[in-house]
Amino acid sequence: MEQRTESDFLGSKQVPADALYGIHALRARENFPDFTPFHTEWYQAMGLVKQACYLTASSYFRAIRQKYGKETPPVRIISEEVLETLTFVAAELASSKYAGHFIVPAVSGGAGTSINMNVNEIIANASLLKLGQKPGDYSFIDPTEDANIFQSTNDVVPTALKVAVMFLLNELETAINELRSGFELLEGRYRDSLRVAYTQMQEAVPSSYGKLFSNYSDALSRDWWRVSKCFERIKVVNLGGSAIGTSVAVPRFFVMEVVQQLQHLTKLPLTRGENLTDTTSNLDAFVEVHAILKAHAVNLEKIVNDLRLLASDIGGAGINLSQQQVGSSIMPGKVNPVIPEFVISSSHQVYANDSLISGLCAQGCLDLNAYLPLIGHAMIQSLKLMIGSCRTMLENMVKGIEVNTEASYERLLHSPAITTALSPYIGYHKASEVAKLMKSSGRSILEVNAELNFIPEDKLTELLKPANLLKSGYSVNDL
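Everything in this summary refers to the structure shown in the same document.

So, how was this worked out
Every chain begins its residue count from 1, and numbering advances along the sequence as written. Restriction of local features to residues with pLDDT of at least 70 applies here, the model being predicted, together with a cutoff of 80 or more for giving and counting side-chain atom pairs; totals for whole chains, interfaces and linings are based on all residues. Side-chain numbers here rest on the full set of heavy atoms in the structure, without hydrogens or water. Strands are runs of DSSP state E lasting at least 2 residues, helices are runs of H or I lasting at least 4, and numbering of each runs from the N terminus. When we talk radius of gyration, it's over C-alpha atoms, and the globule rule is simply 2.2 Å times the number of residues to the 0.38. Relative accessible area decides the class of each residue, using a 1.4 Å probe on protein chains only: under 20% of the type maximum gives buried, over 50% gives exposed, and in between gives partly exposed. Any two residues whose heavy atoms approach within 4.5 Å at even a single point are treated as in contact. Positive residues here are Lys and Arg, negative ones are Asp and Glu, while His and the chain termini are left out of the count. Charged side chains are reduced to one point each, which is NZ for Lys, CZ for Arg, CG for Asp and CD for Glu. The convention used is that axes are lines fitted to C-alpha atoms, helices contributing only their stretch in contact, and that angles between N-to-C directions extend from 0 to 180 degrees. Oblique is the label for any angle not under 35 degrees, not over 145, and not in the 65 to 115 range, which are roughly parallel, roughly antiparallel and roughly perpendicular in turn. A crossing counts as left-handed when the near helix is turned anticlockwise from the far one by less than a right angle, and as right-handed when that turn is clockwise. Residues are sorted three ways: Asp, Glu, Lys and Arg are charged, Ala, Val, Leu, Ile, Met, Phe, Trp, Tyr, Cys and Pro are nonpolar, and all the rest, Gly among them, are polar. Two aromatic rings, drawn from Phe, Tyr or Trp (for Trp, its six-membered ring), form a pair once their centres lie within 6.5 Å of each other, and the interplanar angle then sorts them: stacked below 30 degrees, edge-to-face above 60, tilted otherwise. A positively charged side chain is recorded as over a ring if its NZ (Lys) or CZ (Arg) lies within 6 Å of the ring centre. The angle to the ring normal must also be within 35 degrees. In what follows, salt bridge is the name for a side-chain nitrogen of Lys or Arg lying within 4 Å of a carboxyl oxygen of Asp or Glu.

1. A word on the overall build of the protein chain
Looking only at helices and strands, the protein chain features 17 helices and eight strands. Expected size for 479 residues packed as a compact globule is a radius of gyration near 23 Å; at 31 Å, the protein chain overshoots this value by more than 25%. Along the first, second and third principal axes, the C-alpha atoms of the protein chain reach 110 × 55 × 35 Å. Scored against the burial criterion, the 479 residues of the protein chain give a buried share of 49%. Within the protein chain, residue pairs in contact and separated by at least 24 positions form 72% of the contacts whose partners lie at least 6 positions apart. Seen as two clouds, the 42 positive and the 50 negative side-chain charges of the protein chain have centres 2 Å apart.

Structural data, given as structure tokens:
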């Protein structure tokens, strides 16, 4: 394979001649033996951030040219042709082009420098090809001097992460709301379908499937509201802050304009931090946002745990979940609750990520956090798992849920739990006597009451109607 030689202040390395990556990415690949791929969403966001930087730099250089005219300006100026090409290639990155040349793994050291330099190398070398040059001809376009103009890893990489997170939060918000709507439909459909409610996995009192599904719908409404508030925290970026947020070696014009340019490109409500050193050194916003993802994961796990129990052979098949996969290679006809199992697995990955993100954000030292690559990877992973969980729950579980209404009602009539509804009319002790006889004989409340004659048959029939069992409390007139 034909090779080219690239050098840095540590020495030289051979790089494949047609590779768009360079020596910095190659060193990272060799130094960080991780095979977890870098998230595409972060890579695409890096393209958007670079594009904003080049467009802002172009405006700055045009202003410099106008000011100095034919005089030699006091700053190095990149030609319009090169900047236009860099901008075009950055836009291609934003659509995932050249992703095969991004070779830095998800887990890396160096606070994201390898991420930034791999992207710089791709942009520089792809631009060289478009201008008729060979990859590695950095005398014409340099990854650091040109592709990284007015930038630092420490403002570009975290800003790109926040852009990627905001796009995913938009997706998650939609996915949660659609799942909530799915449960809302079930709530309306089974509003009066009676069931036995359980406390501590024991039969407790009468309820309905409508009430059960309303629990899930309301919990998801809270999740949706909390996720919608995440944007307030994650929208503050440090782009233009350079190495530690002091904007050293960056034109003030660039500092003031670049975030607005990124707003325009992404259509996201991004804002420049009022204190860029704070925005650079402290990553507590990621801790806060991920905590909300954890709360959502808790709700999803609770929901699917309930549903798989109610649909299980142990639970008496109160509901039916749609059959998605053959469940066994040896047991004929077995179908497993694979969607709940996927969601539970995903939720526990989110819990693990929450601990990781909290710990590594606390590891930020003085003016920078060196662990941004893994923090960002875990954040994006959690978002994608929650988006995927909501979508597969809706499409492959919730839409196919069917309630065994007749069997559930019959089970309620034979459950001692139904006697709680009699307490206001016949008292706790007589109701307990009914419950005990129901349990020992296996007969329904109608049959046991016919023997004990504690309450008139027509009154009992009236009490057992869904409207009476499900209404909020009772009045003196009811008695």
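2. A word on the packing of helix α5 (residues 153-189) against helix α9 (residues 284-310)
Describing two packed helices takes the angle between their axes plus the distance from one axis to the other. The interhelical angle for the contact between α5 and α9, taken along N-to-C directions, is 25°, at an axis separation of 13 Å. As judged from the angle between their axes, α5 and α9 are roughly parallel. In the packing of α5 onto α9, the handedness of the crossing is left-handed. Every residue of α9 that contacts α5 at L161, K162, L172, I176, L179 and F183 is listed here: F286, L293, H296, L300, I303 and L307. When its residues are assigned to classes, the contact of α5 with α9 shows 10 nonpolar, one polar and one charged.

3. Details of the packing of aromatic side chains
Applying the stated criterion to the full structure yields 13 aromatic pairs. Ring centres 5.6 Å apart and planes at 70° place the aromatic pair Y43 and F102 in the edge-to-face group. Taken together, the positions of Y43 in helix α2 (residues 40-68) and F102 in the loop between α3 (80-94) and α4 (113-130) put the pair 59 residues apart, joining distant regions of the chain. Given the relative accessible area of 12%, F102 is considered buried. Taken together, Y60, F61, F150, F253 and F254 form an aromatic cluster joined through their ring pairs. A cation sits over an aromatic face here: R195 above Y209, 5.6 Å from the ring centre.

4. Section: the pattern of salt bridges
In total, this model carries 19 salt bridges according to the counting rule given. Across the pair D354 and K294 runs a salt bridge whose closest N-O atoms are separated by 3.2 Å. Of this pair, D354 sits in helix α10 (residues 338-362) while K294 is found in helix α9, placing the two residues 60 residues apart along the sequence. Overall, D354 belongs to the buried group, its relative accessible area being 9%. Classification of K294 by relative accessible area gives partly exposed; the value is 33%. Two residues, E462 and K465, come together in a salt bridge whose shortest N-O distance is 3.1 Å. We classify E462 as partly exposed; its relative accessible area is 40%. Through salt bridges with shared partners, a single network forms among E92, K97 and K130.

5. Some words on unusual backbone geometry
Despite not being glycine, A111 shows a phi value in the positive range, around 60°. By the secondary structure assignment, A111 is in the loop between α3 and α4. On the basis of relative accessibility, which here comes to 7%, the residue A111 falls in the buried class. Despite not being glycine, N453 has its phi angle at roughly 55°, a positive value. Turning to its location among the elements, N453 is positioned in the loop between α15 (445-452) and α16 (457-463). For N453, a relative accessible area of 61% puts it in the exposed group.

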